[in-house]
Amino acid sequence: MPPSSGGCEALDAAQRRQFSEAGYLVLPGLLPESLRTRLVPEVDRWVDEGLRARSIASCTDPVTNGPPPLLELELTAHGELLTHVPLLRTLSRLMGPSFVFHHLHSDRQAPDIGGKSWHHDCEPNDRSDPSLLMVHALHYLGGLDEEVGSLAVLPGSHRRSVGKAALAHHGTSELTGEVVIDRLPPGTTVLLNSALFHTRRPAPDGPGRARYFIDASYCQVGARWRPVKPHWRQMLARARELGLADGQWPELFAERHFTEYTRAV
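Computed from a predicted model, the values in this text were never measured in an experiment.

**Remarks on the overall build of the protein**
Piece 1. Looking only at helices and strands, one finds 7 helices and 9 strands in the protein.
Piece 2. What you see for the protein is a C-alpha radius of gyration of 17 Å, in line with the 18 Å of a compact globule of 265 residues.
Piece 3. With the C-alpha coordinates aligned to their principal axes, the bounding extent of the protein is approximately 45 × 40 × 40 Å.
Piece 4. Taken across its 265 residues, the protein has 51% of its residues classed as buried.
Piece 5. Across the protein, the fraction of contacts at a sequence separation of at least 24, relative to all contacts at a separation of at least 6, is 85%.
Piece 6. For the protein, the centre of its 28 positive side-chain charges and the centre of its 31 negative side-chain charges are spaced 4 Å apart.

**Focus: the pattern of salt bridges**
Piece 1. Counting across every chain of the model gives 21 salt bridges.
Piece 2. A salt bridge links Glu33 to Arg36; the shortest N-O distance between them is 2.9 Å. Placement of both Glu33 and Arg36 in helix α2 (residues 33–48) is noted, with a separation of 3 residues, approximately one turn of the helix.
Piece 3. Taking the shortest distance from any N to any O, the salt bridge between Asp145 and Arg209 comes out at 2.5 Å. Here Asp145, found in the loop between β4 (134–140) and β5 (150–153), pairs with Arg209, found in the loop between β8 (198–201) and β9 (211–220); they are 64 residues apart in sequence, far enough to count as distant.
Piece 4. For Asp145, a relative accessible area of 19% translates into the label buried.
Piece 5. By relative accessible area, Arg209 is classed as partly exposed at 30%.
Piece 6. Salt bridges here are not isolated pairs; linked through shared partners, they connect Arg233, Arg240, Glu255 and Glu260.

**Examining the environment of Ala223**
Piece 1. Position of Ala223 relative to the elements: it lies in the loop between β9 and α7 (232–241).
Piece 2. Expressed as a C-alpha distance, the spacing of Ala223 and Arg16, which sit 207 residues apart in the sequence, is 23 Å.
Piece 3. Apart from the residues lying within four places of it in its own chain, the contact partners of Ala223 are Asn125, Asp126, Arg127, Leu132 and His257.

**Regarding the packing of aromatic side chains**
Piece 1. Under the criterion given, the structure shown has 6 aromatic pairs.
Piece 2. Note on Phe101 and Phe253: the rings are 5.8 Å apart at their centroids and 70 degrees apart in plane angle, and the pair reads as edge-to-face. Taken together, the residues span a long stretch of sequence, with Phe101 in strand β2 (residues 99–109) and Phe253 in the segment after α7 at a distance of 152 residues.
Piece 3. What makes Phe101 buried here is its relative accessible area of 0%.
Piece 4. Classification of Phe253 as buried rests on a relative accessible area of 3%.
Piece 5. Judged by centre distance (5.3 Å) and plane angle (50 degrees), the ring pair of Tyr140 and Phe213 falls under tilted. With Tyr140 in strand β4 and Phe213 in strand β9, this residue pair connects regions lying 73 residues apart in the sequence. With respect to class, Tyr140 is no different from Phe213; both count as buried.

**What about the packing of α2 against helix α3 (residues 51–60)?**
Packed helix pairs are characterised by how far apart their axes lie and by the angle those axes make with each other.
Piece 1. In the contact formed by α2 and α3, the axes pass within 4 Å of each other and the chain directions differ by 60 degrees. The orientation of α2 relative to α3 falls into the category oblique. Between α2, through Arg45, Trp46 and Val47, and α3, the contact on the second element is made entirely by Leu51, Arg52 and Ser55.
Piece 2. Class assignment for the residues of the contact of α2 with α3 results in 3 nonpolar, 1 polar and 2 charged.

**Looking at the side chain of Thr259**
Piece 1. With respect to the helices, strands and loops of the structure, Thr259 is situated in the segment after α7.
Piece 2. Apart from the residues lying within four places of it in its own chain, the contact partners of Thr259 are Asp126, Arg224, Trp225, Arg226, Pro227 and Trp232.

**A closer look at helix α6 (residues 85–95)**
Piece 1. Most of α6 sits out of view: 8 of its 11 residues are buried.
Piece 2. Those residues of α6 lying buried are Pro86, Leu87, Leu88, Thr90, Leu91, Ser92, Leu94 and Met95.

**Digging into the environment of Ala168**
Piece 1. Relative to the elements of secondary structure, Ala168 occurs in the loop between β5 and β6 (179–181).
Piece 2. Take Ala168: its relative accessible area is 30%, and that puts it in the partly exposed class.
Piece 3. In this structure, Ala168 is in contact with Ser117 and Trp118, ignoring residues within four places of it in sequence.

Definitions and limits used
- Residues numbered from 1 in each chain as written.
- Predicted model: local features only at pLDDT ≥ 70, side-chain atom pairs only at ≥ 80, totals over all residues.
- Heavy atoms only, no water.
- Helix = DSSP H or I, 4+ residues; strand = E, 2+ residues; numbered from the N terminus.
- Rg over C-alpha atoms; globule rule 2.2 N^0.38 Å.
- Buried < 20%, exposed > 50% of the residue type's maximum accessible area, 1.4 Å probe, protein only.
- Contact = heavy atoms within 4.5 Å.
- Lys, Arg positive; Asp, Glu negative; His and termini not counted.
- Charge placed at Lys NZ, Arg CZ, Asp CG, Glu CD.
- Salt bridge = Lys/Arg side-chain N within 4 Å of Asp/Glu carboxyl O.
- Phe/Tyr/Trp six-rings, centres within 6.5 Å; stacked < 30°, edge-to-face > 60°.
- Axes fitted to C-alpha atoms, helices over the stretch in contact; angles between N-to-C directions.
- Parallel < 35°, antiparallel > 145°, perpendicular 65-115°, else oblique.
- Nonpolar A, V, L, I, M, F, W, Y, C, P; charged D, E, K, R; others polar.

Printed below as a string of structure tokens:
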């Protein structure tokens, strides 16, 4: 795996350059243990009580299922993670002071889960402006090791203007120039330019431990972004009701930065 990029919210010039050129940063220790240990049981609840499945159903068939009964950000520690000040300050050094929350996903991936083919996660904006950043914060609550599996990234691939699945035909195969991230301590966050191609690989020796994984994405303001959840207005409104932005981040849950929802084809 690559050398640690450090977990300090005060990014130096080399870290900002790495993110710009390579498209990712590894931030060990960004999540304090007090937050990490409260997130784990919330993820268990999200999965075990069927809340994750219900949230997915609300996205795949919103007419039949309606909005979910509970949002990830309504779980106390998840809401804190979404607006964790060191995270937001780090993002502000990459995107500038104004950015908006896009979506939040939480999962406890089973030890026998397969890999996920090479892909990127960037959504379009209505200016078709590739210079505007979308950033995914990948939070590995239990870290990564030989019993959990790895994340591989393709540095520099965020500079290509291609579809999300342009490299999917490679599956999870090794690609020239890739970097494998397979040793992360618990509570590590990996920041990805959302246009960066990456793949999830399973544990090399078969099922080991579950992968506790939360990802949150944020978009630079300056255009309107396509939402990925049909209940996105409810999500932003609930975040405002809960006061998650705490008055410090006025654009974080503003609806004006989004287009209307259309289901991806």
